[in-house]
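Chain and residue survey
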Amino acid sequence: MSSPALMLDMVSYAYGQVQAVAELSLNVAPGEVVCLLGPSGCGKSTVLRLAAGLEEVQAGRVFINGQLVGAPNHHVPPESRNVGLVFQDFALFPHLSVCDNVGFGLRPADAARRRERIMAALGDVGLAHLDQSFPHMLSGGEQQRAALARALAPEPKLVLLDEPFSGLDTRLREQVRDVTVEALRKSGTATLMVTHDAEEAMFMADRIAVMREGRIVQEGTPIDLYRRPASLFVAAFFGEVNRLAGTVKNGEVSTRFGRVPAPFADGSEAEVVIRPEAILVDLDGKGVATVPGRVVSVHPLGRSTRLVLALEDGTRMKARIWGLHHPAAGASVGIGIDPRQAFVFPAD
Ligand code: ADP
Ligand code: MG
């Protein structure tokens, strides 16, 4: 078996009193795209900087392609790690053409071969026609693609991306994301990408590692994490949730919507967590959604409509229904839940 492209083994790092990364372990297999997902300040960038060699590890070990590159008193500098880096601010050299930017990390071997690599890397991100331009002549999206081409041109086995799309507006972000995924897949490089955007992580990643306060709290495929979050934190990080509290009795919690299995001790408090798309809304009162309620507000969003509902006791529920057919504000509706999409956690 080949070694992981990146292996972090119980890595820790503190800035003075601030423990940014705590005993964190993570592998990225050759060719795999892993996203490190978590809220701002949880230590994502520090993990990337440790992998890149921009910070020296204080405890634990970093391996790249099976070679120890970081440990206390053993630090291989960034330029000797053969790693491609792309940061949020692109950091292209303003005085170099796109072509020279992309060629920056290439050994000045034979000129024809060098030119070939540059043009192939630019071609993969759709920028071959801009090779003679300078960074200030490029749009934000083009600059980002040029930065990616620069990272990929030397054919590194590992690419590290830190919030690479956060400087782009929403529409552009989707385009650049598509190009980036394709270029990464084509290159076959292993990738560790940092983001605070769950949807972006789901779009990009083979595997997501969710981080909180310097530690990984759950790892899995995008669908695993979405469908089987291990905590309220992870569930809520993947989108808005409804929360219903209850007491466990005979392995179940009863809610207004019926009983939900809760494998916790009798008498303990639990929380049932339901995503808005798992709330059933019955417009004519004849379906399976039987708890009476009323529509408080309606926000048509195009592909879906977001509703705020109120139960008779005043409890608010957020629902998302597909399509354009939706009830009006003030309407009486039946409300239910899809129990297969309800998660139960011990109360905090
Ligand atoms: P993220 O990328 O997830 O937002 P960072 O890795 O940048 O998180 O930061 C993790 C923690 O370390 C935060 O509390 C942050 O304030 C702190 N931190 C980051 N860089 C420095 C620094 N150069 N000096 C002091 N504290 C820092
Ligand atoms: Mg960061």
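Refer to the preceding data block for the structure.
Residues numbered from 1 in each chain as written. Chains lettered and ligands numbered in written order. Predicted model: local features only at pLDDT ≥ 70, side-chain atom pairs only at ≥ 80, totals over all residues. Heavy atoms only, no water.

**Some points on the site of ligand 1**
Neighbouring ligand 1 are the residues Tyr15, Val18, Ala20, Pro39, Ser40, Gly41, Cys42, Gly43, Lys44, Ser45 and Thr46. Lys44 is positioned such that a nitrogen or oxygen atom in its side chain is 2.8 Å from an oxygen atom of ligand 1. At a separation of 2.8 Å, an oxygen atom of ligand 1 approaches a polar side-chain atom of Ser45. The protein chains hide 58% of the 560 Å² of surface that ligand 1 would expose on its own. (Near = heavy atom within 4 Å. Polar contact = N/O pair within 3.5 Å; in protein donor to acceptor, adjacent residues only side chain to side chain. Areas by Shrake-Rupley, 256 points an atom, 1.4 Å probe, with all protein chains shown as cover.)

**Digging into the environment of Glu213**
When you line up the elements, Glu213 lands in the loop between strand 10 (207–212) and strand 11 (215–220). Glu213 gets classed as exposed once you look at its relative accessible area, which sits at 63%. Remark: the alpha-carbon pair of Glu213 and Asp348, spanning 135 residues in sequence, is separated by 17 Å. (Helix = DSSP H or I, 4+ residues; strand = E, 2+ residues; numbered from the N terminus. Buried < 20%, exposed > 50% of the residue type's maximum accessible area, 1.4 Å probe, protein only.)

**Things to note about the sheet that holds strand 9 (residues 190–195)**
The mixed open sheet is built from 6 strands, whose spatial order is 7-8-9-3-10-11. Only two strands of the sheet have a single partner each, and these edge strands are strand 7 (83–86) and strand 11. Pairwise comparison of adjacent strand axes, ignoring direction, gives a mean angle of 20° for this sheet. In the sheet, strand 10 pairs with strand 11 via 5 bridges, with the strands oriented antiparallel. Of the residues in strand 11, the one forming a bridge with Arg212 is Arg215. Where helix 1 (residues 44–52) meets the sheet, its contacts fall on strand 3 (33–37), strand 7, strand 8 (158–162), strand 9 and strand 10, and the angle it forms with strand 8 comes to roughly 150°. (Pairing = 2+ DSSP bridges. Axes fitted to C-alpha atoms, helices over the stretch in contact; angles between N-to-C directions. Contact = heavy atoms within 4.5 Å.)

**Here we look at the packing of aromatic side chains**
Under the criterion given, the structure shown has 5 aromatic pairs. Relative to Tyr15, the ring of Tyr13 lies with its centre 5.0 Å away and its plane at 70°, an arrangement referred to as edge-to-face. Classification of Tyr15 by relative accessible area gives partly exposed; the value is 38%. Ring geometry for Phe93 and Phe104: centres 4.5 Å apart, planes at 45°, overall tilted. Residue Phe93 is found in the loop between strand 7 and helix 2 (98–103), and its partner Phe104 is found in the loop between helix 2 and helix 3 (111–124); the two are separated by 11 residues along the sequence. Residue class for Phe93 comes out partly exposed when judged on its relative accessible area of 26%. (Phe/Tyr/Trp six-rings, centres within 6.5 Å; stacked < 30°, edge-to-face > 60°.)

**Some remarks on helix 4 (residues 140–152)**
With 13 residues, helix 4 should reach 18 Å at 1.5 Å per residue; the first-to-last C-alpha distance of 19 Å fits that figure. When you tally the buried positions in helix 4, you get 11 out of 13 residues, the bulk of the element. Turning to helix 4, its buried residues number three or more, namely Gly141, Gln143, Gln144, Arg145, Ala146, Ala147, Leu148, Ala149, Arg150, Ala151 and Leu152. Structurally, helix 4 contributes buried residues whose contacts are with strand 7, helix 2, helix 3, strand 8 and helix 5 (170–187). (Expected span 1.5 Å × (residues − 1).)

What is shown is where atoms sit, not what they do.
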